[in-house]
Every structure is written in C-alpha cells, then in structure tokens.
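Inside the fold
Here is what each chain is made of, one letter per residue.
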Amino acid sequence: MLMICASQIAASFDNSRLYRQQQEQYLQTIQAFAALIDARDAYTHGHSEQVMRYAVRLGELINLNADRIKHIRYGALIHDIGKIGVRDNVLLKPGKLTDEEFAHIQRHPGLGADILRHIRALRHVIPLIEFHHERLDGSGYPIGLKDEEISQDVRILAISDAFDAMTSSRAYRSAMTREQAFAELRRGRGTLWDADLIDAFIQMIEQEGDTLQISRTSQQAVDLSVYQLPPL
C-alpha cells in the first residue's frame, strides 16, 4: 500500500510539473505574439502590455475571479494580433484613412480570431480578440454587436484599449492628455462603452495611473479636431 501511495504521489508531482511547464510555454507563446505585434509599428510598441495592465487591474477592482482575469490578461496581450494582416501603407499611414483603408483595418479583429482558431490552447480568448472594437450602440466592428451581446470581459478590454490608444502617439496624430482622454471616455459613457466600467476605469487611473503606466509620451495639449477616433 505504501508503494502504491508513493507511486501516486510521484505521478502527481510529475503531472504538476508538466502542467507548470505547459502554462509557461503557453505564456511564452502569447508573449511572442505580443512582441510580433509591437514589432510591426514603432508607434504602438508596448501598447499590448499597457492595455493588459489596465484591463487586469480593472478586472481585479470589480472582483472578477482568477480564471477570468487570466483570460483577460492573455487576450489583452494579443488583442491586436490581426494587425499582422494589415498592409503597412494603411497601418503606418501618417494621415487620415480613406474609406477603403478604414474598411481594410476593420478586418484586423476577424483576422486575429481566424489566426487563433488554429491554436487550441488560445481559443478561449477569441471573443476578446474578435470583439474588442464593438460598441454598445452597435457602431463598432467587425459585426456591430450591441448591448448585452458584448460580454463584460470584452467591455473591459475595449475601454482599456481605447484609453491607451488615445493617450499614445500614433503615426497620424499626437497623444491626448489624460484629461482629454477622460473627456472622450465620458462622452461615450453608456453609448460606446459600459457606464459603470467607465466610472471605475477613470477612478482607477486617477488613483493608480502612474503605477500602472509602463511608458508615456509627452502629455501636451493637442487639437482634438485632428483625432480620427474610430480606428483606435
């Protein structure tokens, strides 16, 4: 009986070690994807990690369970994986996009979802990748989801992504200040983004923003009329 118990304990240790190795490889794959995305565009370098930090912390503050926070962490790190399939002359264009170009960049959430469908271990984060540009009023893309069709996890990622995009310099515009970005979030509160999550997010940034931020460009005031907000 002792030998049987000992062998079962040994097997348990082996399984635990294999599980840890599998999780490490899983995370390394996700980090490699995130690095690949950032390498496409110097203007958005670090964007994925910054969005992940915002989204994970917001999830913690509203008391999501550990599994949901893990899914948000992984999904946020690779939410823009579909931009691998966006043409450079569109992704890096230093000006306003044409209608055709905007339609092209709107394909990136669907492209990202298609990529991940080939990776069994990442299929659970596909909704985060595919729907992070959807908006409550149905004005988002790629399929125009509305209201309760958009999960809470996706709503968290959408707000985190939008805020970091607003407060980061892009090829076609300078960064907004934090207050300017707050004004945009409040303007879309309850129509574009979840009202309660917007309130919680703004409070989080006001209280913890400096500790969450990995990097930030100059926060000088800018002319809001130059912003083309839809392709965040």
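Residues numbered from 1 in each chain as written. Predicted model: local features only at pLDDT ≥ 70, side-chain atom pairs only at ≥ 80, totals over all residues. Heavy atoms only, no water.

Describing the confidence of the model for the chain
Per-residue confidence for the chain averages 83 on the pLDDT scale, and 79% of its residues sit at or above 70. Every residue in residues 216-232 is under pLDDT 50, and counting partners more than four places away or in other chains gives 54 contacts. (pLDDT = per-residue confidence, 0-100. Contact = heavy atoms within 4.5 Å.)

A short note on a nonpolar patch on the surface
A surface patch of nonpolar side chains, amounting to about 220 Å² of accessible area, comprises L36, I84 and I115. Turning to its location among the elements, I115 is positioned in helix 6 (residues 108-116). (Patch = residues over 30% accessible without salt bridge, like charges linked within 9 Å, V, L, I, M, F, W, Y side chains within 5 Å. Areas by Shrake-Rupley, 256 points an atom, 1.4 Å probe, with all protein chains shown as cover. Salt bridge = Lys/Arg side-chain N within 4 Å of Asp/Glu carboxyl O. Helix = DSSP H or I, 4+ residues; strand = E, 2+ residues; numbered from the N terminus.)

Things to note about the packing of aromatic side chains
What describes a pair of aromatic rings is the distance from one ring centre to the other and the angle between the planes of the rings. Counting across every chain of the model gives 5 aromatic pairs. Centroid distance F102 to Y141: 6.1 Å. Interplanar angle 85°. Geometry classified as edge-to-face. In this pair, F102 sits in helix 5 (residues 99-105) while Y141 sits in the loop between helix 7 (126-131) and helix 8 (152-166), placing the two residues 39 residues apart along the sequence. Both residues of the pair, F102 and Y141, count as buried. Taken together, Y54, F163, F182 and F201 form an aromatic cluster joined through their ring pairs. (Phe/Tyr/Trp six-rings, centres within 6.5 Å; stacked < 30°, edge-to-face > 60°. Buried < 20%, exposed > 50% of the residue type's maximum accessible area, 1.4 Å probe, protein only.)

A few points about the environment of I78
On the secondary structure map, I78 appears in the loop between helix 3 (66-77) and helix 4 (88-91). Considering only alpha carbons, one finds I78 and I30, 48 residues apart in sequence, at a separation of 6.7 Å. When near neighbours in sequence (up to four residues on either side) are disregarded, I78 contacts I30, F33, A34, I37, L116, L122, V125 and I129.

A short note on the nonpolar core
Formed by 49 residues in total, the largest nonpolar core has its most connected members in I78, V125, F163, L185, W193 and F201. Taken together, the elements giving at least two residues each to this core come down to helix 1 (2-40), helix 2 (47-61), helix 3, helix 6, helix 7, helix 8, helix 9 (178-187) and helix 10 (195-212). The leading source of residues in this core is helix 8, at 8 residues. When near neighbours in sequence (up to four residues on either side) are disregarded, V125 contacts H71, Y74, G75, I78 and L116. V86, L97, I105 and Y141 belong to the second-largest nonpolar core, a separate cluster that totals 7 residues. (Core = buried A, V, L, I, M, F, W, Y, C linked by side-chain atoms within 4.5 Å.)

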